[in-house]
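These are the residues of each chain, in order.
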Amino acid sequence: MERLVILGGGESGVGTAILGKEKGYEVFLSDKGRIKDKYRDVLTKLEINWEDEKHSEEKILNANVVMKSPGIPDTAALVVKLRKNDIPVISEIEFASWFSETPVIGITGSNGKTTVTNLIQHLLKSGEVNSGMGGNIGNSYAKMVAEDENDWFVLELSSFQLDGIQDFKPHIAILTNITPDHLDRYDYKFENYKESKFRITKNQTAEDYFIYDADDRVITEWLEKNPVKAQKLPFSMEQKLENGAYLEDKNIVIKINNTEFTMSTSDISLQGKHNTKNAMAAATVSQLLRIRKQTIRESMANFQGVEHRLEKVLKINNVMYINDSKATNVNATYYALESMESETVWILGGVDKGNVYDDLLPLVNEKVKAIICLGVDNDKIKRAFGNIVENLVETGSMDEAVKMAYRLADKGDNVLLSPACASFDLFENYEDRGRQFKNAVRNL
């Protein structure tokens, strides 16, 4: 019996354990931290051997294959040791793909991937396509494969998940954009992060499709030097395309193999330039899957958006409070600030991932009246924006930040939580940060 060892007892780890057990592996799961009760219960119920708050090397180094959770870096001592011993270390995405023939729509990018993933799933469900959504959000791919009754999988894929693939390939791959993010995991080399994102198309063949932003110079320059085998379907707001999606007189036009689809941008429920691009990517997939044009238009009009992504929480004294906790990098925050129509009190900060704030300076100058720092170390933020805004305040909790915003905002203003940073200094994750913001606003 092959021995499968799993490092990490979160969603991807436990999903892999479920699938591994089903496929006849001897499974052992080990987590350096404490495993959440809901996952402990699943492991115990399935009689899977597990440990937490330690890694017992003698139980790990005898593996035939190791699945490491995306949060564990390749540089971790145990991972280095496993590779020295020629034990394959793979990602949950790779492991799950060994046991599934179901075609995958895979979505990656520095920003927009969650919105695009949710929008595609919404379009497929509306078009009565039997599809399961997961990956970096919701259920793990492995768990869905174990319980598989789907005709398609829609997977959000992070760079960390793509780092551990060998043969996995989506039938339709989408790359929304590439901007510097997670550089702390990539030796602070943008080149390494780019390579990671493009792994989504590395195993694709001429039967597969690659959808990408043709206005993103990082993507187009990489493609000039590195040809891909898949059929390319770009989307653009700047140029008219023979094949792909583009903008013409405020209409999205999609051309694929002599078929054409058009819809007005005013019919899209999500506003802002970046959301027009997200809609182009999702509608291109819908066209490939031959979903009815009327269904695509209706779905685009009634899509509700994603929690923690430019989510309007409440209007108090004519001040709109907006939760954009999912903005964990500078580029995501750029989109948020760009979409602000009135003066804004901006709450930001957290764990810096090698951020460079230069691109935000013109927007801050134009739209931001006050900055509230929400992090343990705010020096970089103070250096970047201290001379531009009159009010720059440091706070140590979400309650304090929201109360300060309430004092600084006037009628007609926005209060925007768009941190541009990871959340792990004061919060469990970006969802926890967003929920705390919403609770603090409701308690004003």
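Quick summary incoming for the structure in this document. Small disclaimer: the values here were computed from a predicted structure and weren't measured. Within any chain, residue numbers begin from 1 and follow the written order of that chain's sequence. It should be noted that, the model being predicted, local features are given only for residues of pLDDT at least 70 and side-chain atom pairs only at 80 or more, the latter also being counted only at that level, while totals for whole chains, interfaces and linings use all residues. Computation of side-chain values: all heavy atoms of the structure, hydrogens and water removed.

1. Quick word on the packing of aromatic side chains
Each Phe, Tyr or Trp ring (for Trp, its six-membered ring) is paired with any other whose centre lies within 6.5 Å, and the angle between the two planes then decides the class: stacked below 30 degrees, edge-to-face above 60, tilted in between. Overall, the coordinates contain 12 aromatic pairs when judged by the stated rule. The rings of Tyr25, Phe95, Trp98 and Phe99 are connected pair by pair, giving a single aromatic cluster.

2. Topic: the state of the cysteines
Two cysteine sulfurs form what is called a disulfide whenever their separation falls within 2.5 Å. Across all of its chains, the model carries zero disulfides by this definition. Cysteine cysteine 373 is unpaired, with the sulfur of cysteine 421 as its nearest cysteine sulfur at 9.5 Å. A relative accessible area of 0% places cysteine 373 in the buried class. Relative accessibility decides the category of a residue: with a 1.4 Å probe and only protein chains considered, values under 20% of the type maximum give buried, values over 50% give exposed, and everything between is partly exposed. Note on cysteine 421: relative accessible area 1%, which makes it buried.

3. Structural notes on the sheet that holds strand S14 (residues 259-264)
In space, the nine strands of this open sheet follow the order S7-S8-S6-S9-S10-S11-S12-S13-S14, with mixed pairing throughout. What marks the edges here is a single partner per strand, and that holds for strand S7 (131-135) and S14. Neighbour to neighbour, the strand axes of the sheet diverge by 20 degrees on average, direction disregarded. Across four bridges, strand S6 (residues 104-108) lies against strand S8 (residues 152-156) in parallel orientation. When the bridges of S8 are listed, valine 104 appears paired with phenylalanine 153. Any two residues whose heavy atoms approach within 4.5 Å are treated as being in contact. The angle between two axes is taken between their N-to-C directions and runs from 0 to 180 degrees, where each axis is a line fitted to C-alpha atoms and a helix contributes only its stretch in contact. Helix numbering and strand numbering both begin at the N terminus, where a helix is a DSSP run of H or I of at least 4 residues and a strand a DSSP run of E of at least 2. Lying on the sheet, helix H11 (residues 273-288) is in contact with S6, strand S9 (172-175), strand S10 (209-213), strand S11 (231-236), strand S12 (244-248), strand S13 (251-256) and S14; it crosses S13 at an angle near 35 degrees. When DSSP locates at least two bridges between a pair of strands, those strands are taken to pair.

4. Let's talk about the pairing of strand S20 (residues 414-417)
Burial along S20 is two-sided: the residues Asn414 and Leu416 and Val415 and Leu417 are all buried. With four bridges connecting them, strand S16 (residues 319-323) and S20 associate as parallel partners. Bridge pairing in S20 links asparagine 323 to leucine 417.

5. Brief notes about unusual backbone geometry
With the exception of glycine, the majority of residues adopt a negative phi angle, and the majority of peptide bonds are in the trans configuration. Phi at asparagine 257 takes a positive value of approximately 45 degrees, unusual for a residue other than glycine. Its place among the elements puts asparagine 257 in the loop between S13 and S14. Positive phi, close to 65 degrees, is recorded for asparagine 318, a residue that is not glycine. On the secondary structure map, asparagine 318 appears in the loop between strand S15 (311-316) and S16. Accessibility expressed as a relative area gives 41% for asparagine 318, which makes it partly exposed.

6. Notes on helix H4 (residues 77-84)
Every α-helix carries 3.6 residues per turn, so stepping three or four residues along brings you back to the same face. Along H4, the positions that sit buried rather than exposed are Leu78, Val79 and Leu82. Burial along H4 is one-sided: seen end-on, the buried residues are contained in an arc of 100 degrees. Exposed side chains of H4 directed beyond 90 degrees from the buried face belong to Ala77 and Lys84. In this structure, the buried residues of H4 make contact with strand S1 (3-7), helix H3 (57-60), strand S4 (65-68) and strand S5 (89-90). To obtain the arc, one takes the directions from the helix axis to the C-beta atoms.

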